[in-house]
Structures are given as C-alpha cells and as structure tokens.
Amino acid sequence: MNGIGLDCGTATVKLAMLSQERELLWFKSSAHHGAAVQTVRALLGELLQADSNACGYPVMLTGSIGNRLLDVCPGLLTLGDIPAIHRGIHLLAPKAKSVIEIGSQSARFLTALDCGTPPRFAVNEHCAGGTGSFFEDQMSRLGLRIEDYSELVAKARSIPRLSGRCAVFAKTDIQPLLNEGAAKEDIAASVFQSVVNQTISGLACGRRITGTVAFLGGPLNYLSELRQRFIETLGLTEDKIVFPVNSHLFV
C-alpha cells in the first residue's frame, strides 16, 4: 500500500506520497503563511485529484507545528523530526554517520547514527541565524533571487567574515561592505560561510564532525554552493558525502 508523509513546518507544508517500495509518486510543498490547516486541506485536495484512492492510505505527520493538525485530524500518526531523520537515514542512507539539516526556521545536527542507540543531536529553533529565512533576508538585502545565489557564490574571490548569529548582526556587517564597494559574490559567499561556521560551532558544540555526512533540508537541497562550503570547511572527500534525492522532503 502507498503511504503519505505530511510535514507541517514553521513556514511550509510538504506532502509526499510514496509507494510500498519507497518510490516517490507525488509531492508538493506550499508556504502556509500561518494558515497551516487550510494549506494542508488544499494540498490534500490536490493529492486526491491525482489519486482518488489516497484517502485510504496511512498518513504520518511530522513538523514543528504538526500538533496543531491533531485537533482537526485526531487519528493521524505522528513522528518527531529527530526520530524521522534518524529512521529515514537508517532506511534510505545507512552510510551516513552524521546529519546536517537546515530548514526555513531551524537547523539540526545529528551524530552517532550507527551505535544502536538514540543519536546525539542539537537543534537551533530559537534564532533564524543559519536557517532558510536568514538566507532570504540577506539575499533581499543584496537584491538577489534564490535561484541565482549559488551561481553568484561560485564566482567569489574572497570571503569577508560575517556574524552568523542572526540577521541583525549580519546586517551590521554587510552594509559597510556594500558601502565600501565589496563584490556581491564575495558577500554572498560570506553569508554561506557564516552559516557553516554557526552550524559547526553552535550545533556541533565543538565536536569534530567525522565520517560520512548527510545533507538535508531545503537550503542544502537548492543551494549547491552552500553544500560546497560545508564540504570544504569539514574537509570531506566525495566518499564521505551523502546527498539524498529529494533531500528537502526527507523528514
């Protein structure tokens, strides 16, 4: 039987239908702008149009605000984000020993995934620094579109140091650089590097990240140069990188 995954995050709703063999059959994501329940209803309606039998498939709910849906759909199965990542890695990317996952409003780091015990993990859910919304804010400051960002970063010649703690501190660093005529590609690269530094120092808490690393979440899925900044900073060789297909839907 097919199965449905429903992720309700702080900014977007993602809906995915998988076959029994874990093949992705259908998916869609949509920003909910605070109207999560209405967005879920709309996406489920689109899924039913694509597969009229979908109302009989089991649904697993995850996401930071997924619990809000239990008031209107009390029978849904639920799974926390960390267990979802851990189980997904075990099933779909068993080589990975650590995970870096970046979402629109949160970032997560998991390690010790192969010890037969719950993984060690750290989560940033209280500050937008180092998350998708941080990128959006800085890109708008530079007058860039997300689809142009990685291409621009690839042209960078130097990486000025920025504060990755939050958009407010980054602004105080970026504006003087712009005023001094710094190249946009260099500033864009520095935004990526600040996120890398924030993740490694803040989430990994000084632990050395070794072994095979999986990259998950929307920003790491769509921004290839962000992945490259992590790869170079961590000194990862090609055989130590796991980048799953549809990594933005992994949870």
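Everything discussed here concerns the structure shown above.
Residues numbered from 1 in each chain as written. Predicted model: local features only at pLDDT ≥ 70, side-chain atom pairs only at ≥ 80, totals over all residues. Heavy atoms only, no water.

How should I be thinking about helix α1 (residues 36-50) in this particular structure?
Side chains that are three or four residues apart share a direction in an α-helix, a result of its 3.6 residues per turn. In this model α1 runs 21 Å from its N-terminal to its C-terminal C-alpha over 15 residues, within 8% of the 21 Å that 1.5 Å per residue would give. Residues A36, T39, V40, L43 and L47 constitute the buried set of α1. Looking straight down α1, one finds its buried side chains confined to an arc of 100 degrees; they lie on one side. Exposed residues lying more than 90 degrees from the buried face of α1 are Q38, R41 and Q49. (Helix = DSSP H or I, 4+ residues; strand = E, 2+ residues; numbered from the N terminus. Expected span 1.5 Å × (residues − 1). Buried < 20%, exposed > 50% of the residue type's maximum accessible area, 1.4 Å probe, protein only. Arc of directions from axis to C-beta.)

Just checking my understanding: could you explain unusual backbone geometry for this structure?
Keep in mind that most residues, glycine aside, have a negative phi and that most peptide bonds are trans. Backbone geometry at R22 places phi at a positive 65 degrees, although glycine is not the residue there. With respect to the element layout, R22 can be found in the loop between β2 (12-18) and β3 (24-31). Unusually for a residue other than glycine, H33 sits at a positive phi of about 50 degrees.

Just to check I follow, could you spell out the pairing of strand β4 (residues 59-62) for this structure?
A regular strand carries its side chains on alternate faces of the sheet. The pairing of strand β1 (residues 3-8) with β4 spans 4 bridges and is classified as parallel. Pairing of I4 across the sheet is with V59, part of β4. (Pairing = 2+ DSSP bridges.)

How should the nonpolar core be read in this particular structure?
For soluble globular proteins, nonpolar side chains are generally found buried alongside one another. Counting residues in each nonpolar core, the largest one holds 35 residues, and the members touching the most others are I100, I102, F135, Y149, F215, L226 and F230. At the level of secondary structure, the elements contributing two or more residues to this core comprise β6 (98-102), β7 (107-111), α3 (132-142), α4 (146-153), α5 (167-179), α6 (184-203), β9 (213-216) and α8 (224-234). The leading source of residues in this core is α6, at 9 residues. Excluding residues within four positions of it along the chain, I100 makes contact with R108, F109, T199, V213, A214, F215, L216, L220, F230 and L234. Membership of the second largest hydrophobic core comes to 17 residues, among which are L6, M17, L43 and L47. (Core = buried A, V, L, I, M, F, W, Y, C linked by side-chain atoms within 4.5 Å. Contact = heavy atoms within 4.5 Å.)

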